[in-house]
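An overview of the molecular structure
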Amino acid sequence: MKKAPPPKIEGVITRGTTGINRLRRSDRWIVHNRTIAHALNNAADPLIVDLGYGARPDTTFEMASRLTAVRQDRRVIGLEIDPARVVESRDGVSFARGGFELAGLTPVFVRAFNVLRQYPEDAVGSAWSHIQSGLAPGGLLLDGTCDELGRRCAWVLLDADRPLTLTLAWDPFDIDRPSDIAERLPKALIHRNVPGEPIHALLSAADRAWATAAPHASFGPRHRWAAALEILRAQGIPVQPARRRLRDCILTVPWHVVAPNP
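Residue positions are counted from 1 within each chain, in the order its sequence is given. For this predicted model, a pLDDT threshold of at least 70 governs which residues receive local features, and a threshold of 80 or more governs which side-chain atom pairs are given and counted, while totals over whole chains, interfaces and linings are taken from all residues. Note: side-chain values were computed over all heavy atoms of the structure, leaving out hydrogens and water.

Named according to an unreviewed UniProt entry, the protein is Class I SAM-dependent methyltransferase originating from Rhodococcus baikonurensis.

Moving on, we get to the pairing of strand E5 (residues 140-146). Accessibility here uses a 1.4 Å probe with only protein chains present; expressed as a share of the type maximum, an area under 20% marks a residue as buried, one over 50% as exposed, and anything in between as partly exposed. Secondary structure elements follow DSSP: runs of H or I of four or more residues count as helices, runs of E of two or more count as strands, with numbering from the N terminus. Counting buried residues along E5, 7 of its 7 residues qualify, which places the element largely inside the surrounding structure. Alternating residues of E5 divide into Leu140, Leu142, Gly144 and Cys146 and Leu141, Asp143 and Thr145, and every residue in both groups is buried. We call two strands paired when DSSP finds no fewer than two bridges between them. With 5 bridges connecting them, strand E4 (residues 109-113) and E5 associate as parallel partners. Directly across from phenylalanine 109, in E5, lies its bridge partner leucine 140. With the strands pointing away from the viewer, any crossover whose connection runs clockwise from the first strand over the helix to the second is right-handed. A crossover links E4 with its parallel partner E5, the connecting element being helix H4 (residues 124-133), and its sense is right-handed. Where E5 folds back on strand E6 (residues 152-158), the antiparallel hairpin that results is connected by 5 residues, among which glycine 150 adopts a positive phi of roughly 75 degrees.

This brings us to the layout of surface pockets. With a probe scaled to a water molecule rolled over the atoms, the places where space remains empty come into view. When its volume is computed, the second largest pocket comes out at roughly 250 Å³. Residues are sorted three ways: Asp, Glu, Lys and Arg are charged, Ala, Val, Leu, Ile, Met, Phe, Trp, Tyr, Cys and Pro are nonpolar, and all the rest, Gly among them, are polar. Partitioned by chemical class, the residues of the lining of the second largest pocket number 4 nonpolar, 9 polar and 7 charged. Definitions used throughout: a 1 Å grid over protein atoms alone; a cavity as a set of points that fits a 1.4 Å probe which cannot get out; a pocket as an open set with protein on both sides within 12 Å along at least five of seven lines; a lining residue as one with an atom within 4 Å of a point. Grid points are joined across faces, edges and corners, and a volume is the space filled by probe spheres set on the points.

Summarising burial for helix H1 (residues 24-32): 8 of the 9 residues are buried, a large majority. Taken together, the buried positions of H1 are occupied by Arg24, Arg25, Ser26, Asp27, Arg28, Trp29, Ile30 and Val31.

With that settled, consider the packing of aromatic side chains. A pair of Phe, Tyr and Trp rings is counted when the ring centres sit within 6.5 Å of each other, with Trp represented by its six-membered ring. The angle between the planes then sorts it: under 30 degrees is stacked, over 60 is edge-to-face, the rest tilted. Throughout the structure, instances matching the rule amount to 8 aromatic pairs. Summarising the aromatic geometry, the rings of tryptophan 170 and tryptophan 225 are spaced 4.9 Å apart at their centres and angled 65 degrees between planes, so their arrangement reads as edge-to-face. Of the two residues, tryptophan 170 is situated in strand E7 (residues 163-170) and tryptophan 225 in helix H7 (residues 221-234); the sequence distance between them amounts to 55 residues. You can call tryptophan 170 buried: its relative accessible area is 2%. The interplanar angle of 50 degrees and the centroid separation of 6.2 Å between the aromatic rings of tryptophan 210 and tryptophan 225 together place this pair among those described as tilted. With tryptophan 210 in helix H6 (residues 198-212) and tryptophan 225 in helix H7, this residue pair connects regions lying 15 residues apart in the sequence. Owing to a relative accessible area of 10%, tryptophan 210 belongs among the buried residues under this scheme.

Further remarks concern the nonpolar core. Trp225 and Leu232 are the most contacted members of the largest nonpolar core, which totals 52 residues. Looking at this core, the element that brings in the most residues is H6, giving 7 residues. It only takes one pair of heavy atoms within 4.5 Å for two residues to be counted as in contact. Every residue in contact with tryptophan 225, bar those within four places of it in the chain, is listed here: Trp170, Pro178, Ala206, Trp210, Leu232, Cys249, Ile250 and Leu251. Joining through side-chain atoms within 4.5 Å is the link that ties buried Ala, Val, Leu, Ile, Met, Phe, Trp, Tyr and Cys residues into a set, and such a set is a nonpolar core. The next biggest cluster of nonpolar side chains, apart from the first, holds 30 residues, and it includes Val31, Ala43, Val108 and Cys153.

This part covers the packing of H1 against helix H3 (residues 58-66). Note on definitions: angles span 0 to 180 degrees between N-to-C directions of axes, and those axes are lines fitted to C-alpha atoms, for helices only across the stretch in contact. Remark: H1 packs on H3, axes separated minimally by 10 Å, with the N-to-C direction vectors making an angle of 25 degrees. Judged by the inter-axis angle, H1 sits roughly parallel to H3. Considering how the two elements wind past one another, H1 and H3 form a crossing that is right-handed. Touching Arg24, Asp27 and Val31 of H1 are Glu62, Met63 and Arg66, all from H3. Of the residues in the contact of H1 with H3, the class split is 2 nonpolar, no polar and 4 charged. Every angle not falling under 35 degrees, over 145, or within 65 to 115 is termed oblique; those three ranges are roughly parallel, roughly antiparallel and roughly perpendicular. By convention, the crossing between two helices is left-handed when the near helix turns anticlockwise from the far helix through less than a right angle, and right-handed when the turn is clockwise.

Time to look at the packing of H6 against H7. Running from amino to carboxyl end, H6 crosses H7 at an angle of 120 degrees, the nearest separation of the two axes being 8 Å. By the angle class used here, H6 and H7 are oblique. The hand of the H6/H7 crossing is right-handed. Seen from H6, the contacting residues are Ala205, Ala206, Ala209, Trp210, Ala211 and Thr212; seen from H7, they are Pro221, Arg224, Trp225, Ala228, Ile231 and Leu232.

With that settled, consider the pattern of salt bridges. Think of a salt bridge as a Lys or Arg side-chain nitrogen and an Asp or Glu carboxyl oxygen that are within 4 Å of each other. Applying the stated criterion across every chain, the model contains 20 salt bridges. Aspartate 248 serves as the salt-bridge partner of arginine 25, at 2.4 Å between the closest nitrogen and oxygen. Linking arginine 25 in helix H1 with aspartate 248 in the loop between H7 and strand E8 (249-254), this pair joins segments that are 223 residues apart in sequence. One exposure class covers both arginine 25 and aspartate 248, and it is buried. A single salt-bridge network, built from bridges that share partners, covers Arg25, Arg28, Asp171 and Asp248.

Let us look at the sheet that holds strand E2 (residues 75-80). If you trace the 8 strands from one edge of the open sheet to the other, you get E3-E2-E1-E4-E5-E6-E7-E8, paired in mixed fashion. The sheet is open, and its two edges are formed by strand E3 (93-97) and E8, each paired on a single side. Recorded for the sheet is a direction-independent mean angle of 20 degrees between the axes of neighbouring strands. As paired elements, strand E1 (residues 47-51) and E2 share 5 bridges and run parallel to each other. Considered in E2, the bridge of leucine 47 is made with arginine 75.

Right under this line is the structure:
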């Protein structure tokens, strides 16, 4: 019997920008997210793919280490389209060449950070669909973007069928107001931050809540943001509660709150 040919690699080579601890904010969120923990703990094969890890696999190793807190026997494979970036396996992490087709793997969790940012907006849907089609049953995809030092981050969590949530996360001491994070929105939303679009309405509401919470500023930006979140909840915005004491300022909402207008 002939061996099946490897799947065609889908995608283009990215700039490969990376940095040690750049994705720490998303890693902290991933480790404490109940939906992700449920998917990993119920998977027969806890395979995780880090898609497009860049010029160096530092963040892949960091995620692999942090996710042992969720499942000790997790398997992590880093995928890169550029063959020059594929390195030798070590510390329990493997590497291979691959793109949106996931090298034929069926992971339960895929992280794709700073990958789709380099694509046109109209390519996002097909890229999501391609990755989603390769997920194991109950699998999840995290599509995110951050700045060079990881101080401002945003990501979308998806299952095999649809986006689930949007999360914005930032260094409490790095911004003057929540909407400053707009420049790091995921590709699906970054061009939609204009009046009349839901993401613009959310950021505007966050800015107003931040301003209203100014009396809490003397206690520090984390306390002020916690007060701003309560204001948003009181306004009927379904802000998801944090699962731990936060180092970061975080705003997580269901996707329907920010889904782009048709």
